[in-house]
Amino acid sequence: MLIRSLFFDIDGTLVSFRTHRIPQATVDALTEAKARGVKIFISTGRPIQFITNLSQIEHLIDGYITTNGAYCFVGDDTVSRHAIDPADVQKILDACDRFNRAAVVVGQKTIAVYNRQPIVDKSFGEGLGLTNIDFDELSNVLQQVILQVTPFITDEEEAQLMPTIPHCVGGRWTKEFVDITQENADKGKGLVAMAAYEHFRIDETMAFGDGGNDIPIIRQAGIGVAMGNATDNVKAVADYVTTAVDDEGVKNALIHFGVIKG
């Protein structure tokens, strides 16, 4: 199978949770793939304001699937955008009130925190390497198109919330929170939109991931690759399981499928 386009989750796939950097073997592998004419895309749950850890490969990236597929773009061109209905946003915030939980509200331009609690800074700082985030006032963000709401709720609380917002979907890749987007937004649908925009065949794509929100794109891609550090449900749907992010997982998979030389 000829692979012409690669799609990468960021955290735990490209970027190590241990170092918060992209391993050099991954940088070298992507550089070689790009030199061979393969296009490289990011596929992340992060909104663009939180994509702060790709400077090592920024020059190699052809396009972005962000906020779990809610906002996809190439350069200055919007490929697709899916907004959450304001009424559903309010239902999520009301649920956070009931559960006494925090939530991150992602607007098209800026981001706010609702009912801010220490878990927000701990999860983003220690877990994702995001510090000194410039959050906006919630009233300002709610005037924008809302792409994603991320409540810090449990699995049980999520099970109570989601039936009340049937036009939304949830993607969870950590026990700390769930990313909620409009029903037409997930990473797999983002790949389909990007393929239509870029005029490439889906069977010529390969997607990499490690968390539950990567399952749609791993299923959708021509070849779906789970990292060695991926959760079991991701490994179960993947076509191939490579080694961990810190053990040259991206490089090893690209060699295995002949995208780069061994």
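Scroll up a little and you will see the structure.
For every chain, the first residue of its written sequence is number 1, and the numbers climb from 1 along that sequence. Local features in this predicted model are restricted to residues of pLDDT 70 or higher, and side-chain atom pairs are both shown and tallied only at a pLDDT of 80 or more, whereas totals for entire chains, interfaces and linings draw on every residue. Only heavy atoms go into the side-chain values, all of them from the structure, while hydrogens and water stay out.

S.K.: How should I be thinking about the overall build of the protein chain in this particular structure?
M.R.: We count a stretch as a helix when DSSP gives it H or I for four or more residues in a row; a strand needs E for two or more, and each element gets its number in order from the N terminus. Within the protein chain, the regular secondary structure consists of 9 helices and 13 strands. The size measure is the radius of gyration over C-alpha atoms, and the globule rule it meets is 2.2 Å times the number of residues to the 0.38 power. Taking 262 residues into account, the globule formula puts the C-alpha radius of gyration at 18 Å, and the protein chain, at 18 Å, falls close to it. If you line up the protein chain on its principal axes, its C-alpha atoms span 55 × 35 × 35 Å. Exposure categories follow from relative accessible area, calculated using a 1.4 Å probe and restricted to protein chains: below 20% of the type maximum is buried, above 50% is exposed, and the middle band is partly exposed. Scored against the burial criterion, the 262 residues of the protein chain give a buried share of 56%. Surface accessibility follows the Shrake-Rupley procedure with a 1.4 Å probe radius. Residue values consider only the protein chains on display as shielding. As displayed, the protein chain has an accessible area near 11300 Å², and 48% of this comes from carbon and sulfur atoms. Note on charges: Lys and Arg go in the positive column, Asp and Glu in the negative column, and His and the chain ends are not counted at all. By convention, charge coordinates are those of NZ in Lys, CZ in Arg, CG in Asp, or CD in Glu. The averaged location of the 35 negative side-chain charges in the protein chain is 4 Å from the averaged location of its 23 positive side-chain charges.

S.K.: Explain the packing of helix α1 (residues 24-35) against helix α9 (residues 249-256) to me, please; I cannot follow it from the model alone.
M.R.: Geometry of a packed helix pair, given as the angle between the helix axes and the separation of the axes. Running from amino to carboxyl end, α1 crosses α9 at an angle of 35°, the nearest separation of the two axes being 7 Å. On α9, the residues that touch A25, T26, A29 and L30 of α1 are V250, K251 and L254. Looking at the contact of α1 with α9 residue by residue, the class counts come to 5 nonpolar, 1 polar and 1 charged. Where helices are involved, their axes are fitted lines through C-alpha atoms of the stretch in contact, as for all axes, and angles between N-to-C directions lie from 0 to 180°. Should any heavy atoms of two residues lie within 4.5 Å, those residues are considered in contact. Only Asp, Glu, Lys and Arg are considered charged, only Ala, Val, Leu, Ile, Met, Phe, Trp, Tyr, Cys and Pro nonpolar, and every remaining residue, Gly among them, polar.

In short, geometric facts, not functional conclusions.
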